[in-house]
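In case you want the letters, here they are:
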Amino acid sequence: MSEVTDRTNDPAVARAHAAALRSIAREVVENADLQDPDEARAGLLGLLRGGGVMALTGAGVSTASGIPDYRGPQGSWRKHRPMTYQEFRHDPAARHRYWARSFVGWRHIDRAQPNRAHRVLAGLEADGVVLGVVTQNVDGLHAAAGSRNLVTLHGDLDKVLCLNCGNVEGRSNLDERLTQANPGYAEAVRLDPGTVNPDGDVELPPVWVDRFRMVGCLVCGSVELKPDVVYFGESVPSERKERATAMLAQARGLLVLGSSLAVMSGFRFVLDAVREGKPVGIVNAGPTRGDSRAHWRWRTDVGEALEELATAL
């Protein structure tokens, strides 16, 4: 906090950073009685049989692909705090630290493949059961699995944005340039895959952060490069909000998969669906912020549940 305020001396930035920290620290607790699994399964099956359902997905959909979630039962939130947008934008040292750590962690994220949850959802969309997918994930696995009507609410790690001139570069291209600037670096760091965080960040000793060399924007040369994803303390672009809102307006109901709904960018769709009188179903391994508002709540593994529901259809 002090680094951000010291560098900007801007009360608005300090307030936004503080709000982001509160959002990061939000703990999702039980807010509704557990529902009988058979009752939840039957309700979700009925929801899907009607077709035209919008799916809202979170990190729990990608855990089977080796990408950890944040607030789930084994989530990383208790041992890792994501960087806020205010830190990334206004603290060059923090930004450099992120890129050093992400350069190493990216290799794990980039190798991830879609799992059965991604594939089943893509199949349900092709069959008209699911209208489309709005995902809070930034791993690109829904697109890789074949989802077509897809809104990546929080962006995608495979693109990098220059904060100085706005140029967009593919992450794989940036990675090649970073590899040339840091020969042998990624191979020399011993990485435990279990330490990779949902945003691709990993813990690195300071000596390795100091050794890392950042490259500049291909257009303007600035090192103020940022993954084209929405950080805590940053707003979802209006175009994505509008596309997701339009999808929900067309949908007959909402199915939440693998999300605790801790952040408002996802939770708002539950609130909107309830306000519009549309049924809401949730499948998640742990409690969610929307449980008390959902018609059906199935506390189970997302991949297993989707396979079982698709087979029954």
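Fair warning: this is a prediction, and the values are worked out from it, not measured in the lab.

Considering the overall build of the chain
Looking only at helices and strands, the chain features 13 helices and nine strands. Here the chain holds 313 residues, and the buried ones make up 51% of them. Accessible surface, the chain: about 14000 Å² in total, of which carbon and sulfur atoms supply 49%.

A word on empty space enclosed by the protein
Inspection of the entire model under this criterion finds one cavity of 30 Å³ or more. Residue lining of the largest cavity: Thr-135, Asn-137, Val-138, Asp-139, Gly-140, Leu-141, His-142, Leu-150 and Thr-152, and that is the complete set. When residues of the lining of the largest cavity are traced back to their parent elements, those giving at least two are α7 (141–145) and β3 (150–152). Of the residues belonging to the lining of the largest cavity, the class tally is three nonpolar, five polar and one charged.

A word on the side chain of Gln-86
Looking at the secondary structure, you find Gln-86 in helix α4 (residues 85–90). On the basis of relative accessible area, Gln-86 is assigned to the buried category, the value being 5%. A polar contact of 2.9 Å, which involves the side chain of Gln-86, links it to the backbone oxygen of Gly-233.

Brief notes about the packing of aromatic side chains
Aromatic ring pairs are reported here in terms of the distance separating the ring centres and the angle at which the planes meet. Under the criterion given, the structure shown has eight aromatic pairs. An aromatic cluster is built from Phe-88, Tyr-98, Trp-99 and Tyr-231, whose rings are joined through pairwise contacts.

Re helix α12 (residues 264–275)
For α12, spanning 12 residues, the distance from its first C-alpha to its last is 15 Å, which sits close to the expected 16 Å at 1.5 Å a residue. All of the buried residues along α12 are Ser-265, Gly-266, Phe-267, Phe-269, Val-270, Asp-272 and Ala-273. In this fold, the buried residues of α12 make contact with β1 (53–57), β2 (130–135), α11 (238–250), β7 (253–257) and β8 (280–284). Just beyond α12, the residue with positive phi is Gly-277, at close to 75°.

Structural notes on the sheet that holds β3
If you trace the six strands from one edge of the open sheet to the other, you get β3-β2-β1-β7-β8-β9, paired in parallel fashion. Of all strands in the sheet, those with a lone pairing partner are β3 and β9 (296–299), marking the two edges. The average angle at which neighbouring strand axes cross in this sheet is 15°, direction not considered. Alignment of β2 against β3, held across three bridges, turns out to be parallel. What sits directly across from Val-134, in β3, is Val-151.

What about the pattern of salt bridges?
Tallying each qualifying case throughout the model produces 14 salt bridges. With a shortest N-O distance of 3.6 Å, Asp-301 and Arg-116 are connected by a salt bridge. Taken together, the positions of Asp-301 in the loop between β9 and α13 (302–312) and Arg-116 in helix α6 (residues 116–126) put the pair 185 residues apart, joining distant regions of the chain. Accessibility expressed as a relative area gives 38% for Asp-301, which makes it partly exposed. By relative accessible area, which is 29% here, Arg-116 ends up partly exposed. The shortest N-O distance in the salt bridge between Arg-116 and Glu-304 comes to 3.8 Å.

What counts as what
- Residues numbered from 1 in each chain as written.
- Predicted model: local features only at pLDDT ≥ 70, side-chain atom pairs only at ≥ 80, totals over all residues.
- Heavy atoms only, no water.
- Helix = DSSP H or I, 4+ residues; strand = E, 2+ residues; numbered from the N terminus.
- Buried < 20%, exposed > 50% of the residue type's maximum accessible area, 1.4 Å probe, protein only.
- Areas by Shrake-Rupley, 256 points an atom, 1.4 Å probe, with all protein chains shown as cover.
- 1 Å grid on protein atoms, 1.4 Å probe; cavity = no way out; pocket = protein on both sides within 12 Å on 5 of 7 lines; lining within 4 Å.
- Points joined across faces, edges and corners; volume = space filled by probe spheres on them.
- Nonpolar A, V, L, I, M, F, W, Y, C, P; charged D, E, K, R; others polar.
- Polar contact = N/O pair within 3.5 Å; in protein donor to acceptor, adjacent residues only side chain to side chain.
- Phe/Tyr/Trp six-rings, centres within 6.5 Å; stacked < 30°, edge-to-face > 60°.
- Expected span 1.5 Å × (residues − 1).
- Contact = heavy atoms within 4.5 Å.
- Pairing = 2+ DSSP bridges.
- Axes fitted to C-alpha atoms, helices over the stretch in contact; angles between N-to-C directions.
- Salt bridge = Lys/Arg side-chain N within 4 Å of Asp/Glu carboxyl O.

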